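Take a look at the letters that make up each chain.
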Amino acid sequence: MADRSGKTDMERVGLFQEMNYATIGDKYKSTAGSAFNEAAGKGKQLLPGGAKVKAATQAGYFTDKFGRVFDGESYSDPIQLRRRYRLEQAKKNLSKPFLPSNGDKKMSGLGSFYGTFTGPVPAFSPIGGKGGKTEKTLGKNILTNPGKHGTGYGYVGVTLGKYPNNLTDAYDNNREMARKVMAQHKGSLKGGAFRLNMHPTEYFDGNPFRTDKALPPVRKTASAEPKDVKPFKPSSPGKLAGGGKVGTFDPYPSHSADPYSDKMKRPINVVNKTGKIFMPSPGPKSRPMNSIMDQNIVRSINVQNYRAMTVA
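Below is a summary of the structure that appears in this document. Just so we're clear, the structure is a prediction, and the values are computed from it rather than from any experiment. (Residues numbered from 1 in each chain as written. Predicted model: local features only at pLDDT ≥ 70, side-chain atom pairs only at ≥ 80, totals over all residues. Heavy atoms only, no water.)

Here we come to the overall build of the protein. Scanning the protein for helices and strands turns up four helices and zero strands. Counting from the amino terminus, helix and strand elements in the protein follow one another as α-α-α-α. Across the 312 residues of the protein, 1% fall into the buried class. As displayed, the protein offers around 35100 Å² of accessible surface, 58% of which is attributable to carbon and sulfur atoms. (Helix = DSSP H or I, 4+ residues; strand = E, 2+ residues; numbered from the N terminus. Buried < 20%, exposed > 50% of the residue type's maximum accessible area, 1.4 Å probe, protein only. Areas by Shrake-Rupley, 256 points an atom, 1.4 Å probe, with all protein chains shown as cover.)

Below, the structure written as structure tokens:
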């Protein structure tokens, strides 16, 4: 049977010809009453006992009775044995236990003789050179009263010195002192201020373009009539080309009549010499493949069928 593309079923599957059937004319054998694997359910099956759990009983061991390493030995206390061994070793001592000597003594500071073999040296003692006389101590320092509290501003008698007396002061004392200093300064001057006899000028030489003469009067024109003067108007700028074609030098050409016609005519229903429509040759054809599972099922069914046929 062909589909819309014009290909037959054999061409679409990928086979050059239809394969022959090996079971044509065989009788149908129903598989509803036969099992898939009857031998698996017959006979004694493998029944393991399961894993054993280790416990206080002998159920988790290979032997039924627990075998002791020492059978019939007496009970011994390890603590009592250690004590008895220490007493036997203590009887071997001839005297008191050995005590090591004390460690080295360290100095407690500079000038201290603690930790030395001889102790303090008398020659370096501060008392030995003076015949046992002690040094006479000095008297006490000067004792003063504690400082008085307060800031000192507005309080009399809280400073170390005497409170100053109030003196009169003139109102313009600073101005009078400045005037006296200025008069003393002018009195110490000799002569007047130093002045140069050369007047500074702007240029080294005189300006040749400068004149002190008056300018001549402005001349009047003969015709006093006003002239017709028009303002300057620049030319129009260049126009840009647009849809209206207004920026070209020549006028836009008029549209000429051009009837529409097909440029290329394609043939209809092109056929070959046999009178059929041309179709290109198909590509390489591939054979349909069955899956591995499907092949194993078909193989097992064929084996069972062969055995059934041989038994019958």
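Bringing the pattern of salt bridges into the picture now. When the charged atoms of two side chains with opposite charge come close together, those side chains can pair. For the structure shown, the criterion picks out one salt bridge. One salt bridge in this structure joins Arg179 and Glu176, with 2.8 Å as the shortest N-O distance. Of this pair, Arg179 and Glu176 both sit in helix H3 (residues 173-187), three residues apart, which is roughly one turn of the helix. The exposure class assigned to Arg179 is exposed, which follows from its relative accessible area of 51%. Given a relative accessible area of 34%, Glu176 falls into the partly exposed group. (Salt bridge = Lys/Arg side-chain N within 4 Å of Asp/Glu carboxyl O.)

Moving on: a nonpolar patch on the surface. Residues Met293, Ile297 and Ile301 make up a contiguous nonpolar surface patch of about 300 Å² in total accessible area. When you line up the elements, Met293 lands in helix H4 (residues 292-311). You can call Met293 exposed: its relative accessible area is 61%. (Patch = residues over 30% accessible without salt bridge, like charges linked within 9 Å, V, L, I, M, F, W, Y side chains within 5 Å.)

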